[in-house]
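Descriptive structure summary
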Amino acid sequence: MEIADVESFPVAIPLETPVSFSNRTITYRDHAITYVRTREGREGVGYSLGYEGAGLIADAVESMLAPLLVGEDPRDTERLWREMYDGNVQIGRTGLFLRAISTVDIALWDLKAKAADQPLYKLLGGYADSVPSYASGGYYRDDKGHEGLRAEIGRYLAEGHDTVKMKVGRRSVPEEVERVAAVREEIGPDRTLLLDANGKWANATEAIRACRAFEPYDPYFIEEPVMIDRVETMAAVNDALGYPVATGELEGTRHNFARLHDTGAATILQPDATVCGGITEWLKIAHHAAAYDVPIAPHYNWNLHSSLVGSIENGLFVEYFYRDMDVKVFDDIVSEPLAPDDEGLISLPSEPGHGVQLDERAVEGFRETADEVDRE
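To start, this report covers the structure provided alongside it. What you see is a predicted model, and the numbers here were worked out from it, not measured in a lab.

Definitions and cut-offs
- Residues numbered from 1 in each chain as written.
- Predicted model: local features only at pLDDT ≥ 70, side-chain atom pairs only at ≥ 80, totals over all residues.
- Heavy atoms only, no water.
- Phe/Tyr/Trp six-rings, centres within 6.5 Å; stacked < 30°, edge-to-face > 60°.
- Buried < 20%, exposed > 50% of the residue type's maximum accessible area, 1.4 Å probe, protein only.
- Lys NZ or Arg CZ within 6 Å of the ring centre and 35° of its normal.
- Helix = DSSP H or I, 4+ residues; strand = E, 2+ residues; numbered from the N terminus.
- Lys, Arg positive; Asp, Glu negative; His and termini not counted.
- Salt bridge = Lys/Arg side-chain N within 4 Å of Asp/Glu carboxyl O.
- Polar contact = N/O pair within 3.5 Å; in protein donor to acceptor, adjacent residues only side chain to side chain.
- Contact = heavy atoms within 4.5 Å.
- Expected span 1.5 Å × (residues − 1).
- Core = buried A, V, L, I, M, F, W, Y, C linked by side-chain atoms within 4.5 Å.
- Pairing = 2+ DSSP bridges.
- Axes fitted to C-alpha atoms, helices over the stretch in contact; angles between N-to-C directions.

Some remarks on the packing of aromatic side chains
Evaluation of the coordinates by the stated rule reveals 15 aromatic pairs. Plain terms: the ring middles of Tyr320 and Tyr322 are 4.8 Å apart, the flat faces sit at 85° to each other, and that makes the pair edge-to-face. Taking relative accessible area as the criterion, Tyr320 reaches 6% and is therefore assigned buried. Look at Tyr322 and you get buried, because its relative accessible area is 8%. An aromatic cluster is present here, built from Phe21, Tyr139, Tyr156, Tyr300, Trp302, Tyr320, Phe321 and Tyr322 joined pairwise through their rings. Seen from the ring of Trp109, Lys112 lies directly overhead, with NZ or CZ sitting 4.2 Å from the centre. Here the basic side chain of Lys328 rests over the ring of Tyr300, its NZ or CZ set 4.3 Å away from the ring centre.

Put into structure tokens, the structure is as follows:
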């Protein structure tokens, strides 16, 4: 096979109402979409959440990465990853540029699995045919008080989930304790409660104070209690609590994840293949973690991550957002999005490739929306 064309562009999907987590409020979700096409007529697709920078990610793909790829064999994922990364290391070790590499690498693996006529998870090892999911939510909205929060969590239980995640950190510690207590009361003592602070607290003292206040409600983990760059601070928090820190959704390559583990900053790792460098790098992170019995619980993107978790032995669960909660909206452009059954299990796609087929008409519509947002 030979790569003939690489195309990348942003899409923007509006939210019905603004939604907030601990440190920001958003009104739409943008993603960078990348297609890699071969001379033989095959096509692979990759993507990454843009956080209002999807256009920049797409520009990086087309201007910096596409020239390296045209004429190459898309099955050479190891070599092409190294050439994309090493060839741009002065500007692209992490962040936006690594997301650009991620979109390309995901598309290459989609092509690779299609060429092998295998579902991605089977090509990668086939550890399980379905994976557990948890319902992620508990965001802040102006009109959602404790009763609204309870109703949301109750809906997740009714759908069959035994594990739920909620946001913390936007309000004062006493107010957050009340929110956590309300959710624990709603789910009962035997279900699993996850907390996510999105790097809210400025130092170990503040983070430990807040997280200890949540301990009576038996959280399974606290995600990103401090900003991810403060690795030693996060390690101090992890060491001080009676429940573990989980992190990694914004982290880069295997080397950064090794540091998180080696410093004791995280007990559960959350690599996102659309962020850390794609599937090639995600697998290195997961397999290295397996050597230390460290669980992998990736961030978001269940349509892709379900197959990845289903390919490894140390996968914990995947994060799932219900579309009508109007928080994560990528399913609006997926032809057949994955969804959990009434026990919270997601069955893995059986068709060749990673199974994330995009709805071309929807993509074009939200591509126009991205153009409108850019003009604003």
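Re the side chain of Arg99
Inspection of the secondary structure assignment puts Arg99 in helix α4 (residues 95-115). As a buried residue without a salt bridge, Arg99 has its nearest oppositely charged side chain in Asp272, at a separation of 5.9 Å. A distance of 3.2 Å separates the side chain of Arg99 from the side chain of Ser48, its partner in a polar contact. For Arg99, the contacting residues outside a window of four places in its chain are Ser48, Leu49, Tyr51, Ile57, Leu250, Thr274 and Val275.

Concerning helix α6 (residues 146-158)
An ideal rise of 1.5 Å per residue puts 18 Å on 13 residues; α6 measures up with 18 Å between its terminal C-alpha atoms. Those residues of α6 hidden inside the fold are in contact with β4 (130-136), β5 (163-167) and α7 (173-187). Trailing α6 by a residue or two, Gly160 shows a phi angle of about 110°, which is positive.

Here's the deal with the nonpolar core
Counting 90 residues, the largest nonpolar core has Ile33, Ile222, Ile333 and Leu358 as the members making the most contacts within it. With residues near it in sequence (within four places) discarded, Ile333 still touches Val11, Ile13, Ile33, Gln357, Leu358, Asp359, Ala362, Val363 and Phe366. Grouped together as the second largest cluster of nonpolar side chains are 23 residues, Ile3, Tyr85, Phe97 and Ala107 included.

Quick look at helix α12 (residues 302-309)
The buried fraction of α12 amounts to eight of the eight residues, a majority that puts the element mostly inside the structure. Here α12 has its buried residues at Trp302, Asn303, Leu304, His305, Ser306, Ser307, Leu308 and Val309.

Notes on the sheet that holds strand β2 (residues 24-38)
If you walk across this open sheet you meet the three strands as β1-β2-β3, and the pairing is antiparallel. Lying at the two open borders of the sheet, with one neighbouring strand each, are β1 (3-21) and β3 (43-49). Each adjacent strand pair in this sheet contributes to an overall mean axis angle of 20°, direction not counted. With seven bridges connecting them, β2 and β3 associate as antiparallel partners. Looking at the pairing, Thr34 lines up with Gly46 of β3.

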